[in-house]
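Examining the three-dimensional arrangement
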Amino acid sequence: MHYEAILGPEDVLSERPFTNADNTAREVDVMHYMLEEERELARGWAEAGDAAPQHLVVREQDEQGRRHLLVVPSTRSMVSAGDVTAIGFFGRVREDVDHSILFGLEDQLVERMAGYGEAGLLSYYDVELVAPKGAYGNLILFSTPDVPEAWYRDEVHRSAVELAPGHYYEVRLHKGTVSGPLLDGGPITVERTKYFDFKGAEAWSGLRRFQG
């Protein structure tokens, strides 16, 4: 795709502060928190062996009242995963919009997770952030080097992408890798962040490369 700006690791785009590299660093910290939550569960499945559940869907609120949704199509694939691709989605939501349609699309994605698992999806984790109010962060793990075509070409996923400009002011989409066995505890190494700005009459997009 075409980008209006391509940035290096330290470049600053003063007219679009949401692209500051500090945002990536902060959000990757959130991704690491989510990853460690998943690892703790996966280590339990590894210890349980055949007694572990085959798949998992968790919808709950934590002590702070934040909503969590975690979907794992195959716990066995999660336990044995290595050299994982990690995608992080973070957006600043529009405050005067009813976002229930997005939650409805998410429910449809959950129903289709088994098929995505066959294509390489390891997990989908959505968590409500402490700030800003009403914001959510996604961590999506894949066993494949890149996001599978079956994921981004899926009609429900495409619908969510098409609706994004009406529900977000800005979006940051991070791509990274976790080298080695997932349960060994390696960090997420970010390769790039894509930026989408929907505030103007026309959408703006940019790319920051941290490697290569």
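Coordinates for the structure precede this section.
Parameters at a glance
- By convention here, each chain's residues receive numbers from 1 onward along its written sequence.
- Residues qualify for local features only when their pLDDT is at least 70, as the model is predicted, and side-chain atom pairs are given and counted only at 80 or more; totals for whole chains, interfaces and linings, by contrast, use all residues.
- Side-chain numbers come from the whole structure's heavy atoms, not from hydrogens or water.
- The rule for a salt bridge is simple: a side-chain nitrogen of Lys or Arg has to be within 4 Å of a carboxyl oxygen of Asp or Glu.
- Strands are runs of DSSP state E lasting at least two residues, helices are runs of H or I lasting at least four, and both sets are numbered from the N terminus onward.
- Throughout this description, buried means an accessible area under 20% of the type-specific maximum (1.4 Å probe, protein chains only), exposed means over 50%, and partly exposed covers the range between.
- Here the rule is simple: two strands pair whenever DSSP picks up at least two bridges between them.
- Inter-axis angles, ranging from 0 to 180 degrees, are taken between N-to-C directions of lines fitted to C-alpha atoms, where helices are fitted over the stretch in contact.
- In this analysis, the expected span of each helix is defined as 1.5 Å times one less than the number of residues it contains.
- The contact criterion used is simple: two residues touch if any of their non-hydrogen atoms lie within 4.5 Å.

Describing the pattern of salt bridges
This structure, assessed with the given rule, holds 16 salt bridges. With a closest N to O distance of 3.3 Å, Glu170 and Arg92 form a salt bridge. Here Arg92 lies in strand E4 (residues 82–93) and Glu170 lies in strand E7 (residues 168–181), a separation of 78 residues in the sequence. For Arg92, a relative accessible area of 35% gives the class partly exposed.

Looking at the sheet that holds strand E8 (residues 189–197)
The sheet built from nine strands is open, its strands ordered E1-E9-E8-E7-E4-E6-E5-E3-E2 with mixed pairing. Only two strands of the sheet have a single partner each, and these edge strands are strand E1 (5–7) and strand E2 (56–61). In this sheet, adjacent strand axes meet at a mean angle of 10° when their direction is disregarded. Strand direction decides the pairing type here: E1 and strand E9 (residues 204–209), joined by three bridges, are parallel. Each bridged residue has a counterpart across the sheet, and for Leu7 the counterpart in E9 is Arg208.

Some remarks on helix H6 (residues 155–167)
Spanning 13 residues, H6 covers 18 Å between terminal C-alpha atoms, matching the ideal 18 Å at 1.5 Å per step. Where H6 is concerned, the buried positions are Val156, His157, Ala164 and His167. Buried residues along H6 sit against E4, helix H3 (100–111), helix H5 (149–152) and E7.

This is a description of form; function is not addressed.
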